[in-house]
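# Close look at the chain arrangement
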Amino acid sequence: MNPIRYAKNWISYRRTMNELGGLSSQALSDIGLTRYDIRQVASRSFR
């Protein structure tokens, strides 16, 4: 993988982790996620 693409994907992963991690459990539930799901959702942007 291209190093620049890798870096951009990593930034996207971290941003997603931070944004979802900052939501309350109720807000996550409203969008159909649990705290356990956050890493899986964020990892989609890192592929």
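In short, a report on the structure. (Residues numbered from 1 in each chain as written. Predicted model: local features only at pLDDT ≥ 70, side-chain atom pairs only at ≥ 80, totals over all residues. Heavy atoms only, no water.)

## Structural notes on the nonpolar core
Counted only if it meets this: Definition of nonpolar core: a set of buried residues of the types Ala, Val, Leu, Ile, Met, Phe, Trp, Tyr and Cys, connected through side-chain atoms within 4.5 Å. Relative accessibility decides the category of a residue: with a 1.4 Å probe and only protein chains considered, values under 20% of the type maximum give buried, values over 50% give exposed, and everything between is partly exposed. The numbering of helices and of strands both runs from the N terminus, where a helix is a DSSP run of H or I of at least 4 residues and a strand a run of E of at least 2. Here, two residues are considered to be in contact whenever any of their heavy atoms come within 4.5 Å of each other.
One finds Y13, M17, L20, L28, L33, I38 and A42 forming the largest nonpolar core, which totals 7 residues. Mapped onto this core, the elements with two or more residues apiece are α1 (3-21) and α3 (37-44). Looking at which element gives the most residues to this core, the answer is α1, with 3 residues. Here A42 is in contact with Y13, T16 and M17, once residues within four sequence places are set aside.

## Regarding α3
Note the cut-off: This arc is taken over the directions from the axis of the helix to the C-beta atoms.
Three or more residues of α3 are buried, namely D37, I38 and A42. Along α3, the residues classed as buried sweep out an arc of 130° about the axis, all on the same side. Pointing more than 90 degrees away from the buried face of α3 are the exposed residues R39 and R44. Of the surrounding elements, those touching the buried residues of α3 are α1 and α2 (25-30).

## Concerning α1
The test is simple: To estimate how far a helix should reach, multiply one less than its number of residues by 1.5 Å. Within 3.5 Å is the distance limit for a polar contact, defined as a pair of N or O atoms, with the added protein rule that one can donate a hydrogen and the other accept it, and that residues adjacent in sequence qualify only through two side-chain atoms.
Taking 1.5 Å per residue as the helical rise, α1 with its 19 residues ought to reach 27 Å, and the 26 Å between its terminal C-alpha atoms agrees with that figure. Taken together, the buried positions of α1 are occupied by N9, Y13, M17 and L20. One face of α1 carries all of its buried residues, which in axial projection span an arc of 80°. α1 presents P3, I4, K8, N18 and E19 as exposed residues on the side facing more than 90 degrees away from its buried surface. Among the structural elements, α2 and α3 are those in contact with the buried residues of α1. Where α1 begins, the capping side chain belongs to N2, and its oxygen is found 2.8 Å from the backbone nitrogen of I4.

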